[in-house]
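For reference, the chains in residue letters:
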Amino acid sequence: GAVVSQHPSRVICKSGTSVKIECRSLDFQATTMFWYRQFPKKSLMLMATSNEGSKATYEQGVEKDKFLINHASLTLSTLTVTSAHPEDSSFYICSASSGTIPYEQYFGPGTRLTVT
Amino acid sequence: GENVEQHPSTLSVQEGDSAVIKCTYSDSASNYFPWYKQELGKRPQLIIDIRSNVGEKKDQRIAVTLNKTAKHFSLHITETQPEDSAVYFCAASAFNQGGKLIFGQGTELSVKP
């Protein structure tokens with residue numbers, strides 16, 4: 001089956017610093033990638049949709065200048081949390097879609113971000 | 001935009017009993033309804049899905065039903081086992097909206113041996 005990886009799996013950073021999270025599709029080309037965040041015991045909240053080679057589309061209420069998304073290739077999308085604060089601490093999960101089979105998305109294992 | 005409501009938030013059953021989780025959605029353009037199982041700290045795993053041209057789908061102990069008129073869909077798990085214990089999420093998606101998934105709030109299922 002299709003495999004999506006995320007790196008790092010866990011990261012701790014100090015308040016005010018930036019953190020980059022990578023999402024890779026390992027055995028297929030991902031025309032679309034999605035970024036979600038999940039608070040403890042809560043649902044997955046869609047942050048943004050990114051299509052290879054174009055700007056990401058952010059969901060209402062998500063600050064695009066704070067959560068920078070880049071989808072420069074068909075196998076890699078990155079999420080950069082800029083000037084992180086403790087309230088940005090969360091579980092960030094990406095998913096990827098090849099677009100060849102409508103709707104099918106493959107989830108990464110997630111990244112646990114803790115901002116101190 | 002789409003809004004998905006899921007109930008109950010917690011569900012406790014005895015091993016061998018059935019479990020039912022229900023979801024409603026708001027956007028009539030939604031035409032794909034997956035269900036995910038998520039264990040603590042892990043990625044969501046797709047367990048079953050249904051498309052809007054189908055009313056019911058079954059895979060061994062798991063079944064999903066869809067009522068497009070009422071805009072609701074349900075997950076049914078029969079003969080529950082302790083390893084079914086997890087958080088279950090429903091979601092809705094519309095292909096003409098880029099395939100993005102909108103998730104329900106989740107149901108924490110506990111199967112007691």
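The shown structure was predicted, so the numbers you read here are calculated from the model rather than taken from an experiment.

1. As for the overall build of chain A
Part 1: For chain A, the helix and strand inventory stands at zero helices and 11 strands.
Part 2: Overall, chain A shows an N-to-C arrangement of helices and strands of β-β-β-β-β-β-β-β-β-β-β.
Part 3: Taken over the C-alpha trace, chain A has a radius of gyration of 13 Å; the compact-globule value for 116 residues is 13 Å, and the two agree within 12%.
Part 4: Overall, chain A is about 40 × 25 × 25 Å in size when its C-alpha atoms are taken along their principal axes.
Part 5: Across the 116 residues that make up chain A, the buried fraction comes to 49%.

2. What to know about the overall build of chain B
Part 1: A tally of regular secondary structure across chain B gives zero helices and 11 strands.
Part 2: Ordered by position in the sequence, the α and β elements of chain B form the string β-β-β-β-β-β-β-β-β-β-β.
Part 3: In terms of overall size, chain B behaves like a compact globule, its C-alpha atoms giving a radius of gyration of 13 Å where 113 residues would be expected to give roughly 13 Å.
Part 4: Going through the 113 residues of chain B one by one, you find that 44% of them count as buried.

3. Let's talk about the side chain of Thr80 of chain B
All names here are of chain B.
Part 1: Structurally, the position occupied by Thr80 is in the loop between β8 (72-77) and β9 (86-93).
Part 2: Accessibility expressed as a relative area gives 1% for Thr80, which makes it buried.
Part 3: Residues contacting Thr80, with those up to four places away along its chain left out, are Val13, Gln14, Glu15, Gly16, Asp17, Ser18, Ala19, Arg61 and Val111.

4. Some thoughts on the interface of chain A and chain B
Part 1: Taken together, the 20 residues of chain A in the interface contact 21 residues of chain B.
Part 2: Around 1700 Å² of area is buried between chain A and chain B when both sides are counted, 58% of it from carbon and sulfur atoms.
Part 3: Per-residue buried area on chain A facing chain B is highest for Leu44, Tyr103 and Phe107 of chain A; these three make up 39% of the total on that side.
Part 4: The tally of links from chain A across to chain B stands at one salt bridge.
Part 5: Across the pair Glu59 of chain A and Lys100 of chain B runs a salt bridge whose closest N-O atoms are separated by 3.0 Å.
Part 6: Where chain A meets chain B, there are six residue pairs in polar contact (both at pLDDT 80 or more).
Part 7: If you list the elements that add at least two residues to the side of chain A that touches chain B, you get β4 (32-38), β5 (44-51) and β9 (90-97) of chain A.
Part 8: Here the side of chain A that touches chain B is built from residues that sort into 12 nonpolar, five polar and three charged.

5. Thoughts on the pairing of strand β7 (residues 62-67) of chain B
Residue and element names in this part refer to chain B.
Part 1: Note: strand β6 (residues 56-59) against β7, four bridges, orientation antiparallel. Bridge pairing links Lys58 to Ala63 in β7.
Part 2: Relative to β8, β7 runs antiparallel, the two sharing six bridges. Pairing of Asn67 across the sheet is with His72, part of β8.
Part 3: Where β7 folds back onto β8 in an antiparallel hairpin, the turn is made up of four residues, including Lys71, whose phi is positive at roughly 55°.

6. Thoughts on the sheet that holds β7 of chain B
All names here are of chain B.
Part 1: With antiparallel pairing, the five strands of this open sheet are ordered in space as β1-β3-β8-β7-β6. A strand with exactly one partner marks an edge of an open sheet, and here the two such strands are β1 (4-7) and β6. When strand polarity is set aside, the average angle formed by the axes of neighbouring strands in this sheet is 15°.

7. Section: the sheet that holds strand β1 (residues 4-7) of chain A
Residues and elements named next belong to chain A.
Part 1: Strand order in the open sheet made by the four strands is β1-β3-β8-β7, with antiparallel pairing throughout. At either end of the open sheet lies a strand with only one pairing partner, and these are β1 and β7 (67-73). Across the sheet, the mean angle from the axis of one strand to that of its neighbour is 15°, orientation sign disregarded.
Part 2: Of the strand pairs in this sheet, strand β3 (residues 19-25) and strand β8 (residues 76-81) are connected by six bridges, and their pairing is antiparallel. Bridging from a neighbouring strand, Cys23 pairs with Ser77 of β8.

8. Describing the nonpolar core
Part 1: Judged by nonpolar contacts, the single largest core of 25 residues is most densely connected at Trp35, Phe73, Leu75, Tyr88 and Leu109 of chain B.
Part 2: Those elements giving two or more residues to this core turn out to be β2 (10-14), β3 (19-25), β4 (32-38), β5 (45-51), β7, β8, β9 and β11 (107-112) of chain B.
Part 3: Setting aside anything within four residues of it in sequence, one finds Leu109 of chain B in contact with Leu11, Val13, Ala19, Ile77, Asp84, Ser85, Ala86 and Tyr88 of chain B.
Part 4: Grouped together as the second largest cluster of nonpolar side chains are 24 residues, Cys13, Val62, Cys94 and Val115 of chain A included.

Basis of the calculations
- Residues numbered from 1 in each chain as written.
- Chains lettered and ligands numbered in written order.
- Predicted model: local features only at pLDDT ≥ 70, side-chain atom pairs only at ≥ 80, totals over all residues.
- Heavy atoms only, no water.
- Helix = DSSP H or I, 4+ residues; strand = E, 2+ residues; numbered from the N terminus.
- Rg over C-alpha atoms; globule rule 2.2 N^0.38 Å.
- Buried < 20%, exposed > 50% of the residue type's maximum accessible area, 1.4 Å probe, protein only.
- Contact = heavy atoms within 4.5 Å.
- Buried area = accessible area lost by both parts, 1.4 Å probe.
- Salt bridge = Lys/Arg side-chain N within 4 Å of Asp/Glu carboxyl O.
- Polar contact = N/O pair within 3.5 Å; in protein donor to acceptor, adjacent residues only side chain to side chain.
- Nonpolar A, V, L, I, M, F, W, Y, C, P; charged D, E, K, R; others polar.
- Pairing = 2+ DSSP bridges.
- Axes fitted to C-alpha atoms, helices over the stretch in contact; angles between N-to-C directions.
- Core = buried A, V, L, I, M, F, W, Y, C linked by side-chain atoms within 4.5 Å.

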